[in-house]
Structures are given as C-alpha cells and as structure tokens.
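Structural overview for review
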Amino acid sequence: MQPRFDKNNTTLTFETFGNDFNVPADKLHIQGVLVNLIDNSLKYGVKPVHININLVEQNGKVQLALTDNGPGIPEEYREKVFEKFFRVPNANRHNTKGHGLGLSYAAQVMRQHNGSINVKNLVEGGCRFTLSF
C-alpha cells in the first residue's frame, strides 16, 4: 500500500502494548479486514491522512484499534455501516469507489473468529475501528 500512502501523503504509525499477540486466526481474512479499514481511511480521510494502529494485549485478550483523521461516521449510520451494501449518504462523495461490502465483510470475518468489530467517532475528529479477539 506504500504507493497509495505516498500519493496521499499518509502517515501511518503502529504501536504495541503487551506481550502475547497470538490469536487463532485466518491470516488471509484478517489481512483483508485490515486492508479494507486502511483503504477506507485513505478514501475518506482528510489530506494529509493520518492513520494510527494500536495492538493491545491484556489478560489474554487482543485488540487492534485503527484510528484515522477522516470525517467520522454520522451517529445515525454508525451501526448500519456493517450492513451489506450500505454506504453513508454523502453528496460530496458520490465519486468514491465501493459497493458497501467491505465493512460487512469485516464484521462477518470477526464473527467467524468469535470476535467483534465496532466503530466510535472521536471528539477531535475521525473515528476508531476496534477489532477484539
């Protein structure tokens, strides 16, 4: 994804907290979830795009949180973004490519891993997607 990071003047930081990050997971599908979340940050983020990924292990549980500096998701659509084919209505983004499948795929993958995905808007702008294993 480095060429897209360069094109968008993207800053990506990665931090870890904890010691044991091993989780039984399908590498291909979890990678697909991460690529989808990063792709969404690049598509909707405010230029220059800033993405922060935190990987946290505590008491045998692992969470991965991806935070960006995009516009966030209007509250009335926060839970709907995980529905198949749903796209947040926005007249200014009609040319953004996508079919509304990425986040429903992410939610399905996390359910199949006995985990969860959620999203929270940040007071300072942007949002945080959290994957819990």
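Our subject in this report is the structure included herewith.

Focus on the packing of aromatic side chains
Within the structure shown, the criterion is met by one aromatic pair. On the basis of an interplanar angle of 85 degrees and a centroid distance of 6.3 Å, the ring pair of Phe 82 and Phe 129 is categorised as edge-to-face. Note that Phe 82 is positioned in the loop between β3 (61-68) and α3 (102-112) and Phe 129 in strand β5 (residues 127-132), a separation of 47 residues in sequence. Here Phe 82 matches Phe 129 in class, with each residue buried.

As for the pattern of salt bridges
Evaluated as defined, the whole model comprises four salt bridges. The closest approach of N and O atoms between Asp 39 and Arg 4, which form a salt bridge, is 2.5 Å. Of the two residues, Asp 39 sits in helix α2 (residues 27-44) while Arg 4 sits in helix α1 (residues 2-7), which places them 35 residues apart along the sequence. Between Asp 39 and Lys 43 there is a salt bridge, with the nearest N and O atoms lying 3.6 Å from each other.

Some points on the nonpolar core
Core analysis: the biggest nonpolar cluster contains 27 residues, and Leu 37, Ile 38, Ile 51, Phe 82, Ile 117, Phe 129 and Leu 131 have the highest contact counts within it. Every residue in contact with Phe 129, bar those within four places of it in the chain, is listed here: Leu 37, Leu 64, Ala 65, Leu 66, Ile 73, Phe 82, Leu 103, Ile 117, Asn 118 and Val 119.

A short note on the pairing of strand β4 (residues 116-121)
Working note: regular strand, side chains alternate between the two faces of the sheet. In this structure, β4 lies alongside β5, joined through six bridges in antiparallel fashion. Bridge pairing in β5 links Asn 118 to Thr 130. Between β4 and β5, which follow one another and run antiparallel, lie five residues, and Gly 125 among them has a positive phi close to 105 degrees.

Focus: the sheet that holds β5
Spatially, the five strands line up as an open sheet ordered β1-β2-β3-β5-β4, and their pairing is mixed. Because the sheet does not close on itself, it has two edges, and the strands there are β1 (11-17) and β4. Ignoring strand direction, the axes of neighbouring strands in this sheet form an average angle of 15 degrees. Helix-sheet contacts for α2 involve β2 (50-58), β3, β4 and β5, and the interaxial angle to β3 is about 20 degrees. Strands β4 and β5 of the sheet are contacted by α3, whose axis makes an angle of about 135 degrees with β4.

Brief notes about the packing of α2 against α3
Interaxial distance between α2 and α3 falls to 9 Å at its minimum, and their mutual angle equals 145 degrees. Like other packed secondary-structure pairs, α2 and α3 cross with a definite hand, here left-handed. Counted together, His 29, Ile 30, Gly 32, Val 33, Asn 36, Leu 37 and Asn 40 of α2 and Gly 102, Leu 103, Tyr 105, Ala 106, Val 109 and Met 110 of α3 form the full contact between these two elements. Considering only residue class, the contact of α2 with α3 consists of eight nonpolar, five polar and no charged.

What counts, and where the lines are drawn
- Residues numbered from 1 in each chain as written.
- Predicted model: local features only at pLDDT ≥ 70, side-chain atom pairs only at ≥ 80, totals over all residues.
- Heavy atoms only, no water.
- Phe/Tyr/Trp six-rings, centres within 6.5 Å; stacked < 30°, edge-to-face > 60°.
- Helix = DSSP H or I, 4+ residues; strand = E, 2+ residues; numbered from the N terminus.
- Buried < 20%, exposed > 50% of the residue type's maximum accessible area, 1.4 Å probe, protein only.
- Salt bridge = Lys/Arg side-chain N within 4 Å of Asp/Glu carboxyl O.
- Core = buried A, V, L, I, M, F, W, Y, C linked by side-chain atoms within 4.5 Å.
- Contact = heavy atoms within 4.5 Å.
- Pairing = 2+ DSSP bridges.
- Axes fitted to C-alpha atoms, helices over the stretch in contact; angles between N-to-C directions.
- Left-handed = near helix turned anticlockwise from the far one by under 90°.
- Nonpolar A, V, L, I, M, F, W, Y, C, P; charged D, E, K, R; others polar.

Just geometry here; none of it tells us what the structure is for.
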